[in-house]
Amino acid sequence: VVGVNCLGRCNKGPNCRILTPNGAFQEASMVRSVEKVVEILQQYLNLNINVTSADVLRLNYEGNVLLRNGQVDAAIDCYNKALEFG
């Protein structure tokens, strides 16, 4: 991950610029979920992503959002679901 200057798409953010294996840059907008990150990694970088790991990361992220919003019980439920994946 390397920071870049303005991509001119703040209203569509978060944004990212991807250096593809053939040396070309691709830009992606509205990267707001684990699913979108997985899609980018698969589409542009041809990476095999462990779906279970992606699910655990998503549940952890959701739990963090719930915790920040004061929804402790719902956050704990998310964390417990993530732990059930082993």
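Criteria and cut-off values
Residues numbered from 1 in each chain as written. Predicted model: local features only at pLDDT ≥ 70, side-chain atom pairs only at ≥ 80, totals over all residues. Heavy atoms only, no water. Helix = DSSP H or I, 4+ residues; strand = E, 2+ residues; numbered from the N terminus. Rg over C-alpha atoms; globule rule 2.2 N^0.38 Å. Buried < 20%, exposed > 50% of the residue type's maximum accessible area, 1.4 Å probe, protein only. Areas by Shrake-Rupley, 256 points an atom, 1.4 Å probe, with all protein chains shown as cover. Salt bridge = Lys/Arg side-chain N within 4 Å of Asp/Glu carboxyl O. Core = buried A, V, L, I, M, F, W, Y, C linked by side-chain atoms within 4.5 Å. Contact = heavy atoms within 4.5 Å.

**Q** I'm lost on the overall build of the protein chain in this one. Help?
**A** Assigned secondary structure in the protein chain consists of 3 helices and 2 strands. Going from the N terminus to the C terminus, the protein chain shows its helices and strands as β-β-α-α-α. Its C-alpha atoms give the protein chain a radius of gyration of 16 Å, more than 25% over the compact-globule value 12 Å for 86 residues. Sorting the 86 residues of the protein chain into buried and exposed places 21% on the buried side. Of the accessible surface of the protein chain, which amounts to about 6400 Å², a share of 53% is contributed by carbon and sulfur atoms.

**Q** Can you walk me through unusual backbone geometry in this structure?
**A** Note on backbone geometry: most residues besides glycine have negative phi, and most peptide bonds are trans. In this model, M30 sits at a positive phi of 55°, which is unusual for a non-glycine residue. On the secondary structure map, M30 appears in the loop between β2 (25-28) and α1 (34-45). In this model, N46 sits at a positive phi of 55°, which is unusual for a non-glycine residue. Turning to its location among the elements, N46 is positioned in the loop between α1 and α2 (51-68).

**Q** Would you mind showing me how to read the pattern of salt bridges here?
**A** Applying the stated rule across the entire model yields 4 salt bridges. For the salt bridge of E35 with R58, the shortest nitrogen-to-oxygen distance reads 3.3 Å. Of this pair, E35 sits in helix α1 while R58 sits in helix α2, placing them 23 residues apart in sequence. Judged by its relative accessible area of 22%, R58 falls in the partly exposed class. Salt-bridge contacts for E62 lead to R58; the nearest nitrogen and oxygen are separated by 3.1 Å. Here the residue E62 and the residue R58 both occupy positions in helix α2, the gap between them amounting to 4 residues, near one helical turn. The exposure class assigned to E62 is partly exposed, which follows from its relative accessible area of 31%. Each of E35, R58 and E62 takes part in a single network of salt bridges with overlapping partners.

**Q** Looking at this structure, how should I read the nonpolar core?
**A** Across soluble globular proteins, nonpolar side chains have a tendency to be buried as a group. By size, the foremost hydrophobic cluster in this structure holds 5 residues: I18, A28, V31, I40 and Y44. Look past the residues within four positions of Y44 in its chain and what remains in contact with it is I18, T20, P21, Q26 and E27.

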